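As a plain string of letters, each chain reads:
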Amino acid sequence: AFAGATTAFAQQADITVAKTGPGTAAPGANVVWTITALNTGPDAATLVQFDDTLPLDMTFVSLAQTTGPTMSCGTPAVGSGGAIQCTLDTMDAGAT
């Protein structure tokens, strides 16, 4: 026996990301995608980041987060193509 010995275990988090939206769009139409991130745990996740690159024939219009812990997102300029990058310092287990 080791009196007073402690063992540290690494935290574990399991992040899943799902993106939903229309399969097609008419030229010039605005398209809405929903991106959902979920931490199934068992622990909080730290420094969560995801990137979403717009299709080459589409341009950025706007971004709105409607639920969950507040993410910090960088976007292309309105009317430009590129990638959206969102980060979150900590995402608790079970958070979406």
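Residues numbered from 1 in each chain as written. Predicted model: local features only at pLDDT ≥ 70, side-chain atom pairs only at ≥ 80, totals over all residues. Heavy atoms only, no water.

**Student:** Looking at this structure, how should I read the packing of aromatic side chains?
**Tutor:** One pair of aromatic rings is described through two measures. These are the centre distance and the angle between the planes. Within the structure shown, the criterion is met by zero aromatic pairs. Its end group placed over the ring of Trp33, Lys19 keeps NZ or CZ at 4.4 Å from the ring centre. (Phe/Tyr/Trp six-rings, centres within 6.5 Å; stacked < 30°, edge-to-face > 60°. Lys NZ or Arg CZ within 6 Å of the ring centre and 35° of its normal.)

**Student:** Looking at this structure, I do not really get the environment of Thr34. What am I missing?
**Tutor:** The topology assignment puts Thr34 in strand 2 (residues 34-39). Here Thr34 falls in the partly exposed class, since its relative accessible area comes to 43%. Taking C-alpha positions, Thr34 is 8.0 Å from Ala18, a pair spaced 16 residues apart along the chain. In this structure Thr34 touches Ala18, Lys19 and Thr20, once residues within four positions along its chain are discounted. (Helix = DSSP H or I, 4+ residues; strand = E, 2+ residues; numbered from the N terminus. Buried < 20%, exposed > 50% of the residue type's maximum accessible area, 1.4 Å probe, protein only. Contact = heavy atoms within 4.5 Å.)

**Student:** Please clarify how the pattern of salt bridges should be interpreted in this entry.
**Tutor:** It is possible for side chains of opposite charge to pair when their charged atoms get near one another. As enumerated under the stated definition, the model contains one salt bridge in all. Residues Lys19 and Asp52 are paired through a salt bridge, measuring 3.0 Å at the closest nitrogen-oxygen approach. Taken together, the residues Lys19 in strand 1 (residues 15-20) and Asp52 in strand 3 (residues 45-53) connect sequence positions 33 residues apart. The class for Lys19 is partly exposed, based on a relative accessible area of 38%. (Salt bridge = Lys/Arg side-chain N within 4 Å of Asp/Glu carboxyl O.)

**Student:** What is the right way to read the nonpolar core from this model?
**Tutor:** Looking at soluble globular proteins, one finds that nonpolar side chains tend to be buried together. Within the largest apolar cluster, twelve residues are counted, these being Ala37, Ala45, Val48, Phe50, Leu54, Phe60, Met71, Ile84, Cys86, Leu88, Met91 and Ala95. Those elements that provide at least two residues to this core are strand 3 and strand 5 (83-91). At four residues, the largest contribution of residues to this core is made by strand 5. Dropping the residues within four chain positions of it, Met71 is found in contact with Phe50, Gln65, Cys86, Thr87 and Leu88. (Core = buried A, V, L, I, M, F, W, Y, C linked by side-chain atoms within 4.5 Å.)

**Student:** When you look at the sheet that holds strand 5 in this model, what are you seeing that I'm missing?
**Tutor:** Strands pair in a sheet through their backbones, by hydrogen bonds, and they do so in one of two ways: parallel or antiparallel. Strand order in the open sheet formed by three strands is 3-5-4, with antiparallel pairing between adjacent strands. Taken across any chain shown, the strands that pair with only one partner, and hence form the sheet edges, are strand 3 and strand 4 (72-74). Each strand axis lies, on average, 15° off the axis of its neighbour in the sheet, ignoring direction. Note: strand 3 against strand 5, eight bridges, orientation antiparallel. Bridge pairing in strand 5 places Gln49 opposite Thr87. (Pairing = 2+ DSSP bridges. Axes fitted to C-alpha atoms, helices over the stretch in contact; angles between N-to-C directions.)

**Student:** Looking at this structure, I do not really get the state of the cysteines. What am I missing?
**Tutor:** Where two cysteines share a covalent bond between their sulfur atoms, that bond is called a disulfide. One pass over the structure, following the stated rule, counts one disulfide. Two residues, Cys73 and Cys86, share a disulfide whose sulfurs are 2.1 Å apart. Since a negative S-S torsion denotes a left-handed disulfide, the Cys73-Cys86 link at about 115° is right-handed. With Cys73 in strand 4 and Cys86 in strand 5, this residue pair connects regions lying 13 residues apart in the sequence. (Disulfide = S-S within 2.5 Å.)

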